[in-house]
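So the chains spell out like this:
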Amino acid sequence: MALLLKTEAGRGDSWRRALLAADPGLDLRQWPEVGDPADIEYALVWFPPKGALKSYPNLKVIFSIGAGIDHLASDPELPKGVPIVRMVEPGLTAGMTEFVLMSVLYHHRFMLDYAEQRRNKVWREIDQVPPWDRRVGIMGLGVLGGDVAEKLVALSFDVAGWSRSPKDLPGVACFHGPDGFIPFLNRSDILVCLLPLTAETKGILDARAFAALPEGAALVSVARGPQVVEADLLAARAFAALPEGAALVSVGRGPHVVEADLLAALETGRLGAATLDVFQTEPLPPESPFWDHPRVVLTPHVASLTIAKTASQFVIDNIRRHQAGQPLLHVVDPDQGY
Ligand code: NDP
Ligand code: OXD
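Quick summary incoming for the structure in this document. Here the residue numbers are simple positions, counted from 1 along each chain's written sequence. Each chain gets a letter, beginning with A, and each ligand a number, beginning with 1, in the order they are written. pLDDT decides what is reported in this predicted model: residues at 70 or higher carry local features, side-chain atom pairs at 80 or more are listed and counted, and totals for whole chains, interfaces and linings draw on all residues regardless. The basis for the side-chain values is all heavy atoms of the structure; hydrogens and waters are excluded.

To continue, consider the site of ligand 2. One heavy atom within 4 Å of a molecule or strand is enough for the residue carrying it to be called near that molecule or strand. Near ligand 2, the surroundings consist of Trp-46, Gly-66, Ala-67, Gly-68, Arg-253, His-301 and Ser-304. Pairs of N or O atoms within 3.5 Å make up the polar contacts considered here, provided that, within protein, one atom can donate a hydrogen while the other can accept it, and that residues adjacent in sequence are counted only when both atoms are side-chain atoms. Here an oxygen atom of ligand 2 sits 2.8 Å away from a polar atom, N or O, in the side chain of Arg-253. Method for areas: the Shrake-Rupley scheme with a 1.4 Å probe, in which residue coverage is limited to the protein chains shown. Notes on ligand 2: free accessible area 210 Å², of which the protein chains cover 86%. In this classification, Asp, Glu, Lys and Arg are treated as charged, Ala, Val, Leu, Ile, Met, Phe, Trp, Tyr, Cys and Pro as nonpolar, and every other residue, Gly included, as polar. Across the shell around ligand 2, the residue classes break down as two nonpolar, four polar and one charged.

Another point: the packing of helix H1 (residues 12–22) against helix H10 (residues 308–323). To obtain an axis, a line is fitted to C-alpha atoms, over the contacting stretch when the element is a helix, and the angle between two such axes runs from 0 to 180 degrees between their N-to-C directions. Secondary structure elements follow DSSP: runs of H or I of four or more residues count as helices, runs of E of two or more count as strands, with numbering from the N terminus. It is at 8 Å that the axes of H1 and H10 come closest, and there the two elements cross at 50°. Our classification of the angle between H1 and H10 gives oblique. The chirality of how H1 crosses H10 is right-handed. Across the interface between the two elements, Ser-14, Trp-15, Ala-18, Leu-19 and Ala-22 from H1 touch Ala-308, Lys-309, Ala-311, Ser-312, Gln-313, Ile-316 and Arg-320 from H10. By the definition adopted for this analysis, an angle is roughly parallel if under 35 degrees, roughly antiparallel if over 145, roughly perpendicular if from 65 to 115, and oblique otherwise. Left-handed describes a crossing whose near helix is turned anticlockwise from the far helix through less than a right angle; right-handed describes the clockwise counterpart. Note on contacts: a residue pair is in contact if any heavy atoms of the two residues lie within 4.5 Å.

As a further point, take the pattern of salt bridges. Throughout this description, the term salt bridge denotes a Lys or Arg side-chain nitrogen within 4 Å of a carboxyl oxygen of Asp or Glu. Evaluated as defined, the whole model comprises twelve salt bridges. A salt bridge links Asp-147 to Lys-151; the nearest nitrogen and oxygen atoms lie 2.9 Å apart. Here Lys-151 and Asp-147 lie together in helix H5 (residues 143–154), a separation of four residues that amounts to about one turn. Categorising residues by exposure relies on relative accessible area from a 1.4 Å probe, with only protein chains included: less than 20% of the type maximum marks a residue as buried, more than 50% marks it as exposed, and the intermediate range marks it as partly exposed. Classification of Asp-147 by relative accessible area gives buried; the value is 16%. Because the salt bridges share partners, they merge into one network encompassing Asp-27, Arg-29 and Asp-39.

The term nonpolar core refers to a set of buried residues drawn from Ala, Val, Leu, Ile, Met, Phe, Trp, Tyr and Cys, joined through side-chain atoms within 4.5 Å. Core analysis: the largest hydrophobic core is formed by 28 residues, its most contacted members being Leu-248, Leu-262 and Leu-271. Contributions of two or more residues to this core are made by strand S7 (158–163), helix H6 (177–186), strand S9 (190–193), strand S10 (246–250), helix H9 (259–268) and strand S11 (271–276). Contacts of Leu-262, omitting those with residues within four sequence positions, involve Phe-239, Leu-248, Val-257, Leu-271, Leu-276 and Phe-290.

Below you can see the structure in the form of structure tokens.
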């Protein structure tokens, strides 16, 4: 049995060291030095070239280096019937919780406003809001969203979450499904998007919201005349469901958001601020208006990174389970796409 490793550029050696520390006897083939393709039974990959994974006739399991598997699902030639395992490991979870807490606290404590005051040499207090009066909404209550929710509750925020199936989490107002979406948005002063990218969640801040919005809720005009297309109008309605001046923390995937409508919502003040870690096009093109937007905090898709050491243990343990005939942990449901 051999494990194929294809990481992002520059991270291959640390993964190799970590995997061999977890299993010194491992037959590891580091892309592109694969050897005989027939030897490959497991693949641990991040953005493999489209069509590449179909070259391994004995491939039994595909492990994603990230929690998201959209980099695999978007491959039209992905071998059918081979299970995909998403990444669940403590380093990735801890990193995401740190990032979201940092972002929520940043908006909660008006740090963008204080940065602007500082640029203008203004010394002025802004009224402090206690955390129990700040409503934080988390889209996605899975491994990452669930941990974020728990830590925000511990900090005394008024926390809600939205998922596909019903949930019961201590201290969290849980909403689910299309009917729960607009009531959930209505009570999100700070909205965190931690959904996977699937056919259902692509453009989530418009289409599903539109279907559930009450009559008359879509009052934000994006006023872009003939350029307004239906998808844009729908997204404007989703933002319209948020409380005036809400902040968005977008750390799931770029295509969850229709970027033109996000800009419009920032312009009208419907959204007061946004932390954006993921974008429609990555790397973010130099001409993007987000680079210089005064109400945007921007990072280059680094909200959390998989930590090779802890993740390698997860992968090796899962391979051992598979070889022992036990069920794999954290297998993606192909029908749901996450
Ligand atoms: P999980 O699969 O554990 O959780 C996904 C959550 O989203 C679940 O609660 C699920 O609901 C919910 N969900 C999925 N589809 C829908 C839908 N149609 N409507 C409502 N809720 C839905 O994923 P993780 O928490 O591990 O990861 C989430 C995402 O975070 C990843 O897919 C990735 O895109 C992103 N990510 C980004 C990183 C970054 O650096 N920016 C780093 C790591 C991850 P239910 O519980 O009912 O199934
Ligand atoms: C992930 C990511 O999905 O880093 O893990 O984006």
